[in-house]
Amino acid sequence: MAQWNAYYHNDDEEEEQEDGEQFRDYKVTGRDSLVFLVDASKEMFVKGEDGQPSNFDLSMQVVRSVYTSKIISSHRDLMALVFYGTEQSKNPSNSFKHVYVYHNLDEPGAKRVQEVDALQGEKGARLMEKTMGSGETSLGDALWCCANLYSDIKLRLSFKRLMIFTCRDEPHGGDTAKDRQARTKASDLKETGVFIDLMHLMKPGGFDVSTFFCDIISPDSEGELGLQLEPCGKLEDLKKRVRAKEQKKRAMSRLNLSLGEGLNLAVGIYAMAVPAKIPGSVKLYRETNKQVHSKPQTFDTQTGRLLLPSEIKKAQVYGKKQIVMERDEVDSIKKFEDPGLYLIGFKPIKMLKIHHHIRPAVFIYPEENMVKGSSCLFSALLTKCSEKDVFALCRCILRRNCPPRFAALVPQKEELDEGKVQITAPGFHLIYLPYADDIRTLDPPQFPSASQIPVDKMKQIVSKLRFKYRSDAFENPAIQKHFRNLEALALDMMAPEDVEDLIMPKVDQINQRLGPLAEEFKDLVYPANYNPESKPTTKRKSADNGGGDEKKARVEVSEEELRAHVQNGTLGKLTVPVLKEACKKMGFRTTGTKKQELIDALIAQMGP
């Protein structure tokens with residue numbers, strides 16, 4: 001029979017992980033899927049000015065980047081690569097002309113990455129011309145073929161997305177019949193839950209989205225970047241748009257935000273930042289090389305019989321009596337209220353201090369699919385909180401059996417950059433507030449303060465070395481090296497790519513910024529001829545000075561102090577060497593070496 005303490009301790013750990021504090025991987029039903037539909041016409045292979053890569057090379061580099069990132073982040077997602085506008089045809093039953101399915105919907109792997117690498121550069125262009133070529137274009141047939149790829153998958157898909165890479169705003173050259181067919185198939189795909197996105201590339205004369213593709217793509221229903229009117233001409237911009245689209249915004253949980261009696265709206269809880277970690281090792285069976293799954297079982301310690309879950313009880317001893325409880329009873333005791341956010345009131349933002357931040361915050365955004373009108377009410381609440389410069393104080397219960405917490409909903413307005421691309425999303429940051437017992441008063445140690453002259457000099461040094469910190473500018477070198485080694489092993493590379501350690505200080509740039517300030521500060525604080533890089537030397541005392549035979553100073557206790565310790569019963573506070581020295585000084589003979597034996601001898605001789 002398990003003890004309550006052990007059960008309750010384990011359950012608390014599970015709740016902390018579910019609560020988002022540890023940001024563990026949370027499970028979702030189904031897999032994400034992504035299909036790359038790439039234009040293979042001759043216009044895609046035209047190189048840019050000054051030897052810039054062609055639009056086809058840019059597309060292949062992005063596909064490779066997504067493949068490798070999916071292998072690291074979510075290797076169970078399904079991905080496919082389809083070319084349209086080809087001379088050769090390769091698809092199920094070859095029922096669609098000028099459509100070449102290069103990769104079917106399946107999990108990404110090292111072989112696929114190598115095959116995409118073979119399509120890049122001059123060799124890739126020759127390989128494309130040899131195997132596929134460039135022919136007529138029928139985007140409707142290509143969309144129809146992609147729909148069949150989705151229908152052939154028997155697995156449950158939680159999210160389906162289709163990305164079109166092209167530099168032609170009129171793929172059919174004004175053929176109204178083919179345009180109508182493409183619009184019809186795009187509408188059918190949208191009805192089946194497939195999101196269609198356009199990654200349009202640079203072309204002479206500009207890319208006009210309104211001529212054809214505005215009717216093909218899906219509306220911006222997820223609050224993402226939406227359709228960008230300006231085409232991509234740089235690899236980083238294209239990667240940024242693809243990354244923003246292909247990453248599904250998965251909610252940690254979906255809750256009701258109660259503003260009052262009978263006034264509720266639905267919101268989703270999102271983790272804005274998750275620490276990157278090296279994934280743990282996976283145990284494989286030696287003979288079949290398949291993953292080993294562990295299954296815990298509980299046995300009776302006396303009979304060795306396998307116990308069923310219904311036979312396992314929880315118990316706790318109170319008043320020398322063992323109280324047995326069922327699992328359902330324990331869950332009911334721990335349940336305070338249904339999960340949700342309950343509005344208590346509003347407070348000025350200036351009352352929210354930095355030390356109130358005790359754990360990572362999360363972000364909340366309306367869920368229109370759960371409760372109609374949530375977006376409108378959420379927007380009104382966000383606008384008023386921003387105008388009045390207040391935050392909403394709420395009682396928060398994120399999951400079942402979680403204890404309630406007080407949280408502050410801090411408003412955040414939407415921000416756009418010069419290209420009308422969203423930098424920050426509108427919503428509330430949910431900041432967990434501490435309880436009164438969490439805030440403690442500390443007594444910092446007192447140190448002598450420096451004079452004002454070196455303090456002013458250090459202020460100048462700090463101002464010279466100050467820069468705007470961005471977390472995305474510094475990669476973890478250990479994680480980067482780990483995945484580069486795995487990539488080299490999987491792709492049969494001779495050696496992994498070099499990893500630049502971005503956290504190492506740039507000494508030359510620092511010296512250039514500081515100039516003579518560092519030497520001036522060293523002259524003010526340290527003695528003359530001080531070298532901070534030299535190691536301190538320790539002097540060994542010679543035998544002439546008695547250093548070799550020097551013994552530690554003995555601590556002696558007077559007879560009056562010893563008698564006081566005996567009367568007060570505080571002999572245990574003295575150390576063993578002090579007790580031995582006291583016994584010798586008082587002339588007591590003792591053969592014991594343990595502390596208690598020495599104490600007993602002193603009490604016997606000096607006691608009343």
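Given the structure is predicted, the values throughout are model-derived calculations rather than measurements.

K.L.:
I tried to follow the packing of aromatic side chains on my own but got confused; where do I start?
P.N.:
For any pair of aromatic rings, geometry is given as the distance between the ring centres together with the angle between the planes. One pass over the full model with this rule turns up 13 aromatic pairs. With centroids separated by 6.4 Å and ring planes inclined at 65 degrees, the aromatic side chains of Phe36 and Tyr67 adopt a geometry described as edge-to-face. Of this pair, Phe36 sits in strand 2 (residues 31–39) while Tyr67 sits in helix 2 (residues 55–73), and the two are 31 residues apart along the sequence. Taken as a pair, Phe36 and Tyr67 share a single burial class, namely buried. With centroids separated by 5.9 Å and ring planes inclined at 45 degrees, the aromatic side chains of Phe36 and Phe165 adopt a geometry described as tilted. Of the two residues, Phe36 sits in strand 2 while Phe165 sits in strand 5 (residues 157–166), which places them 129 residues apart along the sequence. Over the face of the ring belonging to Trp144 we find Lys185, whose NZ or CZ atom lies 4.5 Å from the ring centre.

K.L.:
Which parts of the structure should I look at to understand the sheet that holds strand 14 (residues 405–412)?
P.N.:
Strand pairing within a sheet occurs via backbone hydrogen bonds; the two strands may be parallel or antiparallel. Strand order in the closed barrel formed by 7 strands is 7-8-12-17-14-13-11, with mixed pairing between adjacent strands. The mean inter-strand angle of the sheet, taken between neighbouring strand axes irrespective of direction, is 40 degrees. Sheet topology note: the strand 7 (residues 253–260)/strand 11 (residues 340–348) ladder contains 2 bridges and is parallel. Following the sheet pairing, Leu257 is matched in strand 11 by Leu341.

K.L.:
What is the right way to look at helix 11 (residues 477–490) in this model?
P.N.:
Since one α-helical turn is 3.6 residues long, residues separated by three or four positions face the same way. In this model, helix 11 (14 residues) spans 20 Å end to end at C-alpha, consistent with the 20 Å of a helix rising 1.5 Å per residue. Here helix 11 has its buried residues at Ile479, Phe483, Glu487 and Ala488. What you see down the axis of helix 11 is that its buried residues fit within an arc of 165 degrees, all on one side. Opposite the buried face of helix 11, at more than 90 degrees from it, the exposed residues are Lys481 and Leu489. Backbone nitrogen of Ala478 and a side-chain oxygen of the N-cap are separated by 3.1 Å at the start of helix 11; the cap is Asn476. Among the residues trailing helix 11, Asp492 stands out with phi positive, at a value near 55 degrees.

K.L.:
Please clarify how the side chain of Asp77 should be interpreted in this entry.
P.N.:
Checked against the element boundaries, Asp77 lands in the loop between helix 2 and strand 3 (78–84). One polar contact links the side chain of Asp77 to the main-chain amide nitrogen of Asp32, over a distance of 3.4 Å. Side chain to side chain, Asp77 and Lys70 meet in a polar contact 3.0 Å long. Filtering out sequence-adjacent residues up to four positions away, Asp77 remains in contact with Arg31, Asp32, Lys70, Asp106, Glu107, Pro108 and Arg250.

K.L.:
Just to check I follow, could you spell out the packing of helix 2 against helix 3 (residues 110–117) for this structure?
P.N.:
Any two packed helices are characterised by the angle at which their axes cross and by the distance between the axes. One way to put it is that helix 2 packs onto helix 3 with a least axis distance of 9 Å and a crossing angle of 165 degrees. One element, helix 2, and the other, helix 3, form an angle in the roughly antiparallel class. Our pair here, helix 2 against helix 3, has a crossing hand that is left-handed. Contacts from Met60, Val63, Arg64, Tyr67, Thr68 and Ile71 in helix 2 reach Ala110, Arg112, Val113, Val116 and Asp117 in helix 3. Its residues assigned to classes, the contact of helix 2 with helix 3 shows 7 nonpolar, 1 polar and 3 charged.

K.L.:
Please clarify how the pattern of salt bridges should be interpreted in this entry.
P.N.:
Once the charged atoms of two side chains with opposite charge are near each other, the side chains can pair. Counted under the stated rule, the structure contains 19 salt bridges. Glu311 is the salt-bridge partner of Arg305, the closest N and O atoms lying 3.5 Å from each other. Assessed through its relative accessible area of 44%, Arg305 is described here as partly exposed. Via salt bridges that share partners, Arg64, Asp117 and Glu487 belong to a single interconnected network.

K.L.:
Explain a nonpolar patch on the surface here, please?
P.N.:
Residues Ile453, Leu524, Val525, Tyr526 and Tyr530 make up a contiguous nonpolar surface patch of roughly 450 Å² in combined accessible area. Assignment of secondary structure puts Leu524 in helix 13 (residues 517–525). Under the relative-accessibility criterion, Leu524 is labelled partly exposed at 43%.

K.L.:
Help me understand the pairing of strand 17 (residues 427–432) in this model?
P.N.:
The side chains of a regular strand alternate between the sheet's two faces. Among the 6 residues that make up strand 17, 5 are buried, leaving the element largely enclosed by the rest of the structure. When strand 12 (residues 362–366) meets strand 17, the two strands line up antiparallel, connected through 3 bridges. By the bridge assignment for strand 17, Ile364 is matched with Phe428. In terms of strand pairing, strand 14 meets strand 17 through 6 bridges, oriented antiparallel. For Val410, the partnering residue across the bridge sits in strand 17 and is His429.

K.L.:
Just checking my understanding: could you explain unusual backbone geometry for this structure?
P.N.:
Excluding glycine, residues mostly have negative phi values, and the peptide bonds linking residues are mostly trans. Positive phi values are uncommon outside glycine, yet Asn289 reaches one of about 60 degrees. You can see Asn289 is positioned in the loop between strand 8 (263–270) and strand 9 (314–318). In this structure, Asp389 is a non-glycine residue whose phi angle is positive, near 55 degrees.

K.L.:
What is the right way to read the sheet that holds strand 5 from this model?
P.N.:
Pairing within the open sheet is mixed, and its 5 strands lie in the order 4-3-2-5-6. The open sheet has two edge strands with one neighbour each: strand 4 (99–106) and strand 6 (194–200). Adjacent strand axes in the sheet meet at a mean angle of 15 degrees, parallel and antiparallel pairs treated alike. By the bridge criterion, 8 bridges tie strand 2 to strand 5 in an arrangement that is parallel. The residue of strand 5 that forms the bridge with Leu34 is Arg161. Helix 2 contacts strand 2, strand 3, strand 4 and strand 5 of the sheet and is inclined by roughly 170 degrees relative to strand 3. Docked against the sheet, helix 5 (residues 139–151) engages strand 2, strand 3, strand 4, strand 5 and strand 6, running at close to 155 degrees with respect to strand 2.

K.L.:
Help me understand the nonpolar core in this model?
P.N.:
Across soluble globular proteins, you tend to see nonpolar side chains buried next to one another. Among the nonpolar cores identified, the biggest contains 33 residues, and Leu37, Leu139, Leu162 and Phe213 are the most heavily contacted of them. Taken together, the elements giving at least two residues each to this core come down to strand 2, strand 3, strand 4, helix 5, strand 5, helix 6 (176–191) and strand 6. In terms of residues, this core owes the most to one element, helix 5, which gives 7 residues. Beyond its immediate chain neighbours, meaning those up to four positions away, Leu162 contacts Val35, Leu37, Leu143, Cys146, Tyr150, Leu189, Val194, Phe195, Ile196 and Asp197.

K.L.:
Mind showing me how you'd approach the packing of helix 5 against helix 6 here?
P.N.:
Packing of helix 5 against helix 6 leaves a shortest axis separation of 7 Å and a crossing angle of 20 degrees. Relative to helix 6, the element helix 5 lies roughly parallel. Here helix 5 and helix 6 pass one another in a crossing that is left-handed. Along its contact with helix 5, which presents Leu139, Gly140, Asp141, Leu143, Trp144 and Ala147, the element helix 6 presents Gln181, Ala182, Lys185, Ala186 and Leu189. Tallied by class, residues from the contact of helix 5 with helix 6 come to 7 nonpolar, 2 polar and 2 charged.

K.L.:
How should I be thinking about the confidence of the model for the protein in this particular structure?
P.N.:
Interpretation of this model should avoid reading the predicted coordinates in detail wherever pLDDT is low. For the protein, the mean per-residue pLDDT works out to 81, and 85% of the residues sit at or above 70. Here helix 1 (residues 4–18) stands out as the element of the protein with the lowest mean pLDDT, 41, in contrast to strand 17, whose mean of 94 is the highest.

Reading guide: rules and limits
- Residues numbered from 1 in each chain as written.
- Predicted model: local features only at pLDDT ≥ 70, side-chain atom pairs only at ≥ 80, totals over all residues.
- Heavy atoms only, no water.
- Phe/Tyr/Trp six-rings, centres within 6.5 Å; stacked < 30°, edge-to-face > 60°.
- Helix = DSSP H or I, 4+ residues; strand = E, 2+ residues; numbered from the N terminus.
- Buried < 20%, exposed > 50% of the residue type's maximum accessible area, 1.4 Å probe, protein only.
- Lys NZ or Arg CZ within 6 Å of the ring centre and 35° of its normal.
- Pairing = 2+ DSSP bridges.
- Axes fitted to C-alpha atoms, helices over the stretch in contact; angles between N-to-C directions.
- Expected span 1.5 Å × (residues − 1).
- Arc of directions from axis to C-beta.
- Polar contact = N/O pair within 3.5 Å; in protein donor to acceptor, adjacent residues only side chain to side chain.
- Contact = heavy atoms within 4.5 Å.
- Parallel < 35°, antiparallel > 145°, perpendicular 65-115°, else oblique.
- Left-handed = near helix turned anticlockwise from the far one by under 90°.
- Nonpolar A, V, L, I, M, F, W, Y, C, P; charged D, E, K, R; others polar.
- Salt bridge = Lys/Arg side-chain N within 4 Å of Asp/Glu carboxyl O.
- Patch = residues over 30% accessible without salt bridge, like charges linked within 9 Å, V, L, I, M, F, W, Y side chains within 5 Å.
- Areas by Shrake-Rupley, 256 points an atom, 1.4 Å probe, with all protein chains shown as cover.
- Core = buried A, V, L, I, M, F, W, Y, C linked by side-chain atoms within 4.5 Å.
- pLDDT = per-residue confidence, 0-100.

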